[in-house]
Amino acid sequence: MQDAENVAVPEAAEERAGSHAEPPVPAQGEAPGEQARDERSDSRAQAVSEDAGGNEGRAAEAEPRALENGDADEPSFSDPEDFVDDVSEEELLGDVLKDRPQEADGIDSVIVVDNVPQVGPDRLEKLKNVIHKIFSKFGKITNDFYPEEDGKTKGYIFLEYASPAHAVDAVKNADGYKLDKQHTFRVNLFTDFDKYMTISDEWDIPEKQPFKDLGNLRYWLEEAECRDQYSVIFESGDRTSIFWNDVKDPVSIEERARWTETYVRWSPKGTYLATFHQRGIALWGGEKFKQIQRFSHQGVQLIDFSPCERYLVTFSPLMDTQDDPQAIIIWDILTGHKKRGFHCESSAHWPIFKWSHDGKFFARMTLDTLSIYETPSMGLLDKKSLKISGIKDFSWSPGGNIIAFWVPEDKDIPARVTLMQLPTRQEIRVRNLFNVVDCKLHWQKNGDYLCVKVDRTPKGTQGVVTNFEIFRMREKQVPVDVVEMKETIIAFAWEPNGSKFAVLHGEAPRISVSFYHVKNNGKIELIKMFDKQQANTIFWSPQGQFVVLAGLRSMNGALAFVDTSDCTVMNIAEHYMASDVEWDPTGRYVVTSVSWWSHKVDNAYWLWTFQGRLLQKNNKDRFCQLLWRPRPPTLLSQEQIKQIKKDLKKYSKIFEQKDRLSQSKASKELVERRRTMMEDFRKYRKMAQELYMEQKNERLELRGGVDTDELDSNVDDWEEETIEFFVTEEIIPLGNQE
Amino acid sequence: MIVNVWYSVNGERLGTYMGHTGAVWCVDADWDTKHVLTGSADNSCRLWDCETGKQLALLKTNSAVRTCGFDFGGNIIMFSTDKQMGYQCFVSFFDLRDPSQIDNNEPYMKIPCNDSKITSAVWGPLGECIIAGHESGELNQYSAKSGEVLVNVKEHSRQINDIQLSRDMTMFVTASKDNTAKLFDSTTLEHQKTFRTERPVNSAALSPNYDHVVLGGGQEAMDVTTTSTRIGKFEARFFHLAFEEEFGRVKGHFGPINSVAFHPDGKSYSSGGEDGYVRIHYFDPQYFEFEFEA
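Source: prediction; values computed, not measured. (Residues numbered from 1 in each chain as written. Chains lettered and ligands numbered in written order. Predicted model: local features only at pLDDT ≥ 70, side-chain atom pairs only at ≥ 80, totals over all residues. Heavy atoms only, no water.)

(A) Highlighting the overall build of chain B. A count of helices and strands for chain B gives three helices and 25 strands. With 294 residues in all, chain B has 53% of them scored as buried. Considering only intrachain contacts with a sequence separation of at least 6, the fraction spanning at least 24 residues in chain B is 37%. Accessible area for chain B stands at about 12,800 Å²; split by element, carbon and sulfur atoms hold 47% of it. (Helix = DSSP H or I, 4+ residues; strand = E, 2+ residues; numbered from the N terminus. Buried < 20%, exposed > 50% of the residue type's maximum accessible area, 1.4 Å probe, protein only. Contact = heavy atoms within 4.5 Å. Areas by Shrake-Rupley, 256 points an atom, 1.4 Å probe, with all protein chains shown as cover.)

(B) Just the overall build of chain A, in detail. In terms of helices and strands, chain A carries 11 helices and 43 strands. Buried residues in chain A amount to 42% of all 738 residues. For chain A, long-range pairs separated by at least 24 residues make up 46% of all intrachain contacts whose partners lie at least 6 apart in sequence.

(C) Quick peek at a negative patch on the surface. The grouping of Asp79(A), Asp85(A), Asp86(A), Glu89(A), Glu90(A) and Glu91(A) at the surface amounts to a negative patch. By relative accessible area, which is 56% here, Glu89(A) ends up exposed. (Patch = residues over 30% accessible without salt bridge, like charges linked within 9 Å, V, L, I, M, F, W, Y side chains within 5 Å. Salt bridge = Lys/Arg side-chain N within 4 Å of Asp/Glu carboxyl O. Lys, Arg positive; Asp, Glu negative; His and termini not counted. Charge placed at Lys NZ, Arg CZ, Asp CG, Glu CD.)

(D) Representation of the UniProt feature "repeat: WD" (unreviewed entry) in chain B in the model. The feature "repeat: WD" (unreviewed entry), as annotated in UniProt, sits at residues 17–58, 153–194 and 250–280 of chain B in this numbering. In this annotation, residues 250–280 of chain B is assigned 0% helix and 52% strand; the end-to-end C-alpha distance for the span is 11 Å. (UniProt positions renumbered as here; feature names shortened; annotations may be inferred.)

(E) Examining the sheet that holds strand 9 (residues 239–244) of chain A more closely. All names here are of chain A. Read across the sheet, four strands follow the order 10-9-8-43 without closing on themselves; strand pairing throughout is antiparallel. At either end of the open sheet lies a strand with only one pairing partner, and these are strand 10 (251–257) and strand 43 (625–628). Neighbour-to-neighbour, the strand axes of this sheet turn through a mean angle of 15°, independent of strand direction. In terms of strand pairing, strand 9 meets strand 10 through six bridges, oriented antiparallel. Bridge pairing in strand 10 links Thr 240 to Arg 256. (Pairing = 2+ DSSP bridges. Axes fitted to C-alpha atoms, helices over the stretch in contact; angles between N-to-C directions.)

(F) Spotlight on the sheet that holds strand 7 (residues 186–189) of chain A. All names here are of chain A. Read across the open sheet, the four strands follow the order 3-6-2-7; overall the sheet is antiparallel. Both edges of this open sheet fall to strand 3 (141–145) and strand 7, since each of them pairs with a single strand only. Along the sheet, successive strands turn relative to each other by an average axial angle of 25°, direction set aside. For strand 2 (residues 110–114) and strand 6 (residues 157–161), the ladder comprises four bridges, and the chain directions are antiparallel. Bridge pairing in strand 6 links Ile 111 to Leu 159. Helix 6 (residues 121–135) contacts strand 2, strand 3, strand 6 and strand 7 of the sheet and is inclined by roughly 45° relative to strand 6. Docked against the sheet, helix 8 (residues 190–197) engages strand 2, strand 6 and strand 7, running at close to 80° with respect to strand 7.

(G) Focus on the pattern of salt bridges. Residues and elements named next belong to chain A. Evaluation of the coordinates by the stated rule reveals 39 salt bridges over all chains. A salt bridge links Glu 672 to Arg 675; the nearest nitrogen and oxygen atoms lie 3.8 Å apart. Note that Glu 672 and Arg 675 are positioned in helix 10 (residues 648–694) at a spacing of three residues, about one turn of the helix. On the basis of relative accessibility, which here comes to 38%, the residue Arg 675 falls in the partly exposed class. Asp 709 is the partner of Lys 696 in a salt bridge, and the nearest nitrogen-oxygen pair spans 3.1 Å. With Lys 696 in helix 11 (residues 696–702) and Asp 709 in the segment after helix 11, this pair connects stretches of sequence that are 13 residues apart.

(H) View of the packing of aromatic side chains. Residue and element names in this part refer to chain B. Tallying each qualifying case throughout the model produces 62 aromatic pairs over all chains. Ring plane angle 75° and centroid distance 6.1 Å describe the contact between Phe 238 and Tyr 287, whose orientation is recorded as edge-to-face. You can see Phe 238 sitting in strand 21 (residues 236–240) and its partner Tyr 287 sitting in helix 3 (residues 285–289), a full 49 residues away along the chain. With respect to class, Phe 238 is no different from Tyr 287; both count as buried. (Phe/Tyr/Trp six-rings, centres within 6.5 Å; stacked < 30°, edge-to-face > 60°.)

(I) Representation of unusual backbone geometry. Residues and elements named next belong to chain A. Of note, the bond from Trp 350 into Pro 351 is cis; its omega dihedral lies within 30 degrees of zero at 0°. Within the secondary structure, Pro 351 is located in the loop between strand 18 (338–342) and strand 19 (354–355). Phi is positive for Lys 532, which is not a glycine, with a value near 50°. Structurally, Lys 532 can be placed in the loop between strand 34 (524–530) and strand 35 (537–540). In this structure Lys 532 comes out as exposed when scored by relative accessible area, which is 70%.

(J) The interface of chain B and chain A, seen in detail. Each partner contributes to the interface: chain B provides 44 residues, whereas chain A provides 37 residues. For the pair chain B and chain A, the two sides together bury roughly 3,700 Å², of which 60% comes from carbon and sulfur. Run the count over chain B and chain A and you get four salt bridges. At the boundary of chain B and chain A, one finds 10 residue pairs in polar contact (both at pLDDT 80 or more). Those elements that provide at least two residues to the side of chain B that touches chain A are strand 17 (180–185), strand 18 (191–196), helix 2 (229–232) and strand 25 (278–282) of chain B. Residue composition of the side of chain B that touches chain A, grouped by class: 16 nonpolar, 11 polar and 17 charged. (Buried area = accessible area lost by both parts, 1.4 Å probe. Polar contact = N/O pair within 3.5 Å; in protein donor to acceptor, adjacent residues only side chain to side chain. Nonpolar A, V, L, I, M, F, W, Y, C, P; charged D, E, K, R; others polar.)

(K) Region of the structure containing helix 10 of chain A. With 47 residues, helix 10 of chain A should reach 69 Å at 1.5 Å per residue; the first-to-last C-alpha distance of 68 Å fits that figure. Along helix 10 of chain A, the positions that sit buried rather than exposed are Val671(A), Arg674(A), Met677(A), Met678(A), Phe681(A), Tyr684(A), Arg685(A), Ala688(A) and Tyr692(A). Lining the buried residues of helix 10 of chain A we find helix 11 of chain A together with strand 16 (171–176), strand 17, strand 18 and strand 21 of chain B. (Expected span 1.5 Å × (residues − 1).)

(L) Fine view of the side chain of Ser595(A). Residues and elements named next belong to chain A. With respect to the helices, strands and loops of the structure, Ser 595 is situated in the loop between strand 40 (589–594) and strand 41 (604–609). By relative accessible area, which is 2% here, Ser 595 ends up buried. In this structure Ser 595 touches Ser 579, Asp 580, Asn 603, Phe 623 and Cys 624, once residues within four positions along its chain are discounted.

(M) Highlighting the pairing of strand 14 (residues 149–154) of chain B. Residues and elements named next belong to chain B. As judged from the five bridges shared by strand 13 (residues 138–143) and strand 14, these two strands associate in the antiparallel manner. Paired with Glu 138 across the two strands is Lys 154, which belongs to strand 14. Hairpin connection of strand 13 to strand 14: five residues between the antiparallel strands, including Gly 147 at a positive phi of 85°.

(N) How the structure looks around the environment of Gly612(A). Position of Gly612(A) relative to the elements: it lies in the loop between strand 41 and strand 42 (614–619). Those residues in contact with Gly612(A), other than ones at most four positions away along the chain, are Phe561(A) and Asn571(A).

In structure tokens form, the structure reads like this:
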């Protein structure tokens, strides 16, 4: 959620991507599956070349040698008499053999096309031409048959291809082809008719599945104090805990050893907790965090939920095969069934599939193509992908079914940002841009605004300038306004529920933060700029208004808490070496943490109020990751929210009263605890001292009758000696020392 | 390699004990400061005249001397040697009243310690036993007469770096690599309190007149690549004995603190660090006024 709004220049972005409390996932090249595949092909290549050398029969190796040596002692290339060729043809020519002609009776290569126009002999030739044009795309048609009746074709035809593969291809791609309004082709394999004919007419009633009562999966929202939950992974990943967040101390709900093998993820509405295992993903939920579903996907590394929590997308670099795509699998969460598998070459830009806000569509970008799929069928929308030559990036609006994408400049055609409505595919706005180096798309969380960060090299100037092109989505024809930035941009982020955005810009150590406001008339106003900031990341409160500017990692964990309503810095603080900042879903608290994944000492998470008052320091051995449990969107209407805000004074009195009570209770408890500790300790000391007094005589005896119990017990025996010292005194306040 | 005596008032040096040819791991003086005992990595333990600095005895050992001490009466000395160079860890006892023991380098008792070497040791009250902390984190009470183990406890999970007794010797505090210091009863070795930090604790000392304990330590230099003083946390930290709560910190060293000690009057304390400095700090008036709400 934060990621969508909060993207920075490449270096910072990379840092942040890693920083987002994710365990190190091996880079694609190192992914075990990839490696294994590479090795296999390598070893094959090696086998051939070794063979070539050993055998000395193949010219490729021998020839250069002959040239080098002239004809002085040309080696013999003949095989020895008893040589037996033990290289199989498969090994030598595997790639060629694959395509050798196969014996087949031909039936496999036949397709049946239905819904073909019925024509008389006069137009048959024309029809044949059209059919040929459409179907020869998939392979060479060796035979066709147009059955006739009463001088007209029957409306279905048979086509035979040179190979069954072509026939399969034709079925895959031409089924559903719209010839014209009346005629949509249905294409089937001829052999399938056989198959479907043999299906029994009897229908077996499926066995009724018992209803599994999972209890109230949203029980945590009913908690009386409105507290939030969070998950914590510690002991370098061996233990995972779930806590209630509490101002005093976190309250443990559940703690398990080896709950996950790498890390955990909450579903977008907080219903499920996903754990990662070598063999797949498990989802947990309900009051006792019972297992709700399992998805078996060997070697799973990355997952993504659809925003509606209906589907789960999993990625594994293992096990993908040509015929059975399963690098990416989309699952139905409720049934646990696999909905569809996809091939995937690289998981570098996870998520590969981006979901529309309502989970109705998901889309993926490949070379020059944008493929949009529908749920629940998981098929391509309108059965075809969009050809967008040069497409670089795309992003769904979080507020409606609109896709934004951009293509870079191509010779004389300018770079282009397009907004497209779905499923109509209507382009609602296109903006041309010139001299573009790079674009980044940043949606405001409600989809009210889109900011396209455009890095340009304008003609006649040196270096890169950055423009923010602000699209106002809620207005007619989507007007665009531009903010030009002269300095390097470190980070950009929209206020989640509002019309402000924050920008970090400049070069370290001269980094500034600017807050802008997009007014209703489109004017974009700079509200405030603070210079000399120690920050590289922006974290808006999920409710807006408040923002934490953090200098993570290399910037030592500097923190600034800013109220953007009047642009005051509420507090400046530091969590040394902090690697992560996480707002709670309500915007009341914020957690900073030092993860063991990025730093090996002082692993801890600290809890702050939104104003930057430190509440807790929680040190956990080899702490790795803290994730707040998300909340579903509020059920209150805008009016109700407004009413609550209006009556805030009334409520705040009640809450203040409650806080005072709990605070005095807390300090009472603390004092009480100290009192009992002191009493126990006094009791112990009394006992020890009694024993000590009993031993007084023994002590005197051991030290020849000299009493040494107190410093001045034998003051009478002291000899006075006067020594003079020169003492120079310098008082240094300890607080300022480093 | 040289043991020095300093004035704590101004840091002026009063005198030296010259002779050791290796790092000196331990020093002790007897109760009436007649003698000084030192143990060193040069495989010797030496007895000195406190006032003149003259070496009175040289006891050769097979391996480095890690700990040494005079008993309550100042008549018996003990020292322990490292498990090193194929030699085992031993605790040796000499009675100074019998000069032949020193002359022939024949201790009246030698306790072998097979399992885990001794990393710190002190005499128990009245000189009846010694209390030894081990590399494994175990604590043993050995009888000074028979050498048998009287009590064994394991409260620490890692090496015990230091043991210091309270002034009345009824309790002692241990400092361990497991990032904690703990308070024990000297007679029963019963665990009383735990003081937690985030760094290995090298030394801990009990205030003679307040319920306070000071801890010194910090990240070991070899454990981190860039040891800034902030990551290292080379601070002396003050805890309340009964509440186990920290109430003060003193920065200053730029390497781990190896040892801390209170002045016998409790008005100042000193710390020695890996950075090569010994710092003497006098407490400000607030220190004496401070009280926990209880």
